[in-house]
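# Topology and contacts: notes
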Amino acid sequence: MAKKILYVDMDNVLVDFPAGSQKLPPHHIDEYYDNYDEAPGIFALMPPMEKAIESYEMLSQWFDTYILSTSPWKNETAVMEKIKWVQKYLPVVARKRLTLSHHKHLYRGHYLIDDQSNNGAEHFEGEWIQFGKDPFADWPSVVEYLRGRR
């Protein structure tokens, strides 16, 4: 039997965006205020969210798991930094499963874990699991929910 398809977003789901933004140089904090995702180098500064790596690995055993994220148009370093982040923190199998798109609703699958409704997440054809909001406030709650749906 084929595994169900699961997509996982990066920003504020796998990677801790606020922790990365706190590591920006002071001049970038001022220059990119309210647009930190446009600051060159920001995606290289982001650590994983708590329990994200072990949760991703567990879910990858149960689901056909892909990473579906966006990349800001005004940050030319973002794409390469997201690729390097996946190479650094996730298993080798994840490297060829990273897709960057601003149209998440065009992808077919059973589940999408994403913290935001923008970029088509709210119109995803499967079930959108809004990470960071009850009942999916953290990775353990997401894993517990999906454990019964594999």
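This text gives an overview of the structure that appears in the document. Every chain's residues receive numbers from 1 upward, in the order its sequence appears when written. Note on the predicted model: pLDDT of at least 70 is required for a residue's local features to be given, and 80 or more for side-chain atom pairs to be given and counted; whole-chain, interface and lining totals, by contrast, use all residues. Just so you know, side-chain values use all the structure's heavy atoms and leave hydrogens and water out.

Next up on the list: the overall build of the protein. From N to C terminus, the protein includes five helices and five strands. Here the protein has a C-alpha radius of gyration of 15 Å; the compact-globule value for 150 residues is 15 Å, and the two agree. The C-alpha extent of the protein, read off along each of the three principal axes, is 50 × 30 × 30 Å. We call a residue buried when its accessible area falls under 20% of the maximum for its residue type, exposed when it is over 50%, and partly exposed in between, using a 1.4 Å probe and counting protein chains only. Residues counted as buried form 43% of the 150 residues belonging to the protein. Residue contacts follow a heavy-atom distance rule, with two residues in contact if any of their heavy atoms lie within 4.5 Å. For the protein, restricting intrachain contacts to residue pairs at least 6 apart in sequence, the fraction spanning at least 24 positions comes to 65%. Here the open area of atoms and residues is found with the Shrake-Rupley method and a 1.4 Å probe, where only the protein chains shown may cover a residue. When the accessible surface of the protein is summed, it comes to about 8300 Å², and 50% of that surface belongs to carbon and sulfur atoms. Separation between the mean location of the 17 positive side-chain charges and that of the 22 negative ones in the protein comes to 9 Å. Secondary structure elements are taken from DSSP: a helix is a run of H or I of four residues or more, a strand is a run of E of two residues or more, and numbering for both begins at the N terminus. Radius of gyration here is computed from C-alpha atoms only, and the compact-globule reference equals 2.2 Å multiplied by the residue count raised to the power 0.38. We count Lys and Arg on the positive side and Asp and Glu on the negative side, and we leave His and both chain ends out. Where a charge lies is defined by one atom per residue type, namely NZ (Lys), CZ (Arg), CG (Asp) and CD (Glu).

DSSP-based pairing: two strands are paired if at least 2 bridges between them are found. The parallel open sheet is built from five strands, whose spatial order is 3-2-1-4-5. The open sheet has two free edges, formed respectively by strand 3 (98-100) and strand 5 (127-130), since each of these has just one partner strand. Each strand axis lies, on average, 25° off the axis of its neighbour in the sheet, ignoring direction. Bridge count for strand 1 (residues 5-8) against strand 4 (residues 111-114) is three bridges, and the pairing is parallel. Note on strand 4: the bridge partner recorded for tyrosine 7 is leucine 112. In this analysis, axes come from line fits to C-alpha atoms, helices being fitted only over the stretch in contact, and the angle between any two N-to-C directions falls in the range 0 to 180 degrees. The sheet strands contacting helix 3 (residues 52-62) are strand 1, strand 2 (64-69) and strand 4, and the helix crosses strand 2 at an angle near 130°.

Let's shift gears to helix 5 (residues 139-147). Among all positions of helix 5, only Trp139, Val142, Val143, Tyr145 and Leu146 are buried. Taken around the axis of helix 5, the buried residues stretch over an arc of 165°, which confines them to a single face. Contact partners of the buried residues in helix 5: strand 1, helix 3, strand 4 and strand 5. An arc is given here, and it is the one of the directions from the helix axis to the C-beta atoms.

On to a negative patch on the surface, then. To count toward a patch, a residue needs a relative accessible area over 30% and no salt bridge; like charges are then connected within 9 Å, while nonpolar side chains (Val, Leu, Ile, Met, Phe, Trp, Tyr) are connected within 5 Å. Within this document, salt bridges are pairs made up of a side-chain nitrogen of Lys or Arg and a carboxyl oxygen of Asp or Glu, the two lying within 4 Å of each other. Together, Glu50, Glu54, Glu57 and Asp138 make up a region of like negative charge exposed at the surface. Relative to the helices and strands, glutamate 57 resides in helix 3. Taking relative accessible area as the criterion, glutamate 57 reaches 35% and is therefore assigned partly exposed.

Further remarks concern the pairing of strand 4. Because side chains alternate across strand 4, one face comprises the buried residues Tyr111 and Ile113, and the other comprises Leu112 and Asp114, equally buried. Strand direction decides the pairing type here: strand 4 and strand 5, joined by four bridges, are parallel. The residue bridging leucine 112 from the neighbouring strand is tryptophan 128, located in strand 5.

We define the nonpolar core as a collection of buried residues of types Ala, Val, Leu, Ile, Met, Phe, Trp, Tyr and Cys that are connected through side-chain atoms lying within 4.5 Å of one another. Residues Leu14, Leu59, Leu90, Ile113, Trp139 and Leu146 are the most contacted members of the largest nonpolar core, which totals 36 residues. Mapped by element, the contributors of at least two residues to this core are strand 1, helix 3, helix 4 (78-89), strand 4 and helix 5. Apart from residues lying up to four places away in sequence, leucine 90 is in contact with Leu14, Ile53, Tyr56, Ile67 and Trp85. Counting five residues, the second largest nonpolar core, distinct from the first, contains Tyr7, Leu112, Ala121 and Phe124.

Turning our attention to the environment of tryptophan 73. Here tryptophan 73 is to be found in the loop between strand 2 and helix 4. For the pair tryptophan 73 and histidine 110, spaced 37 residues apart in sequence, the C-alpha to C-alpha distance is 28 Å.

Shape is all these values report; function is a separate question.
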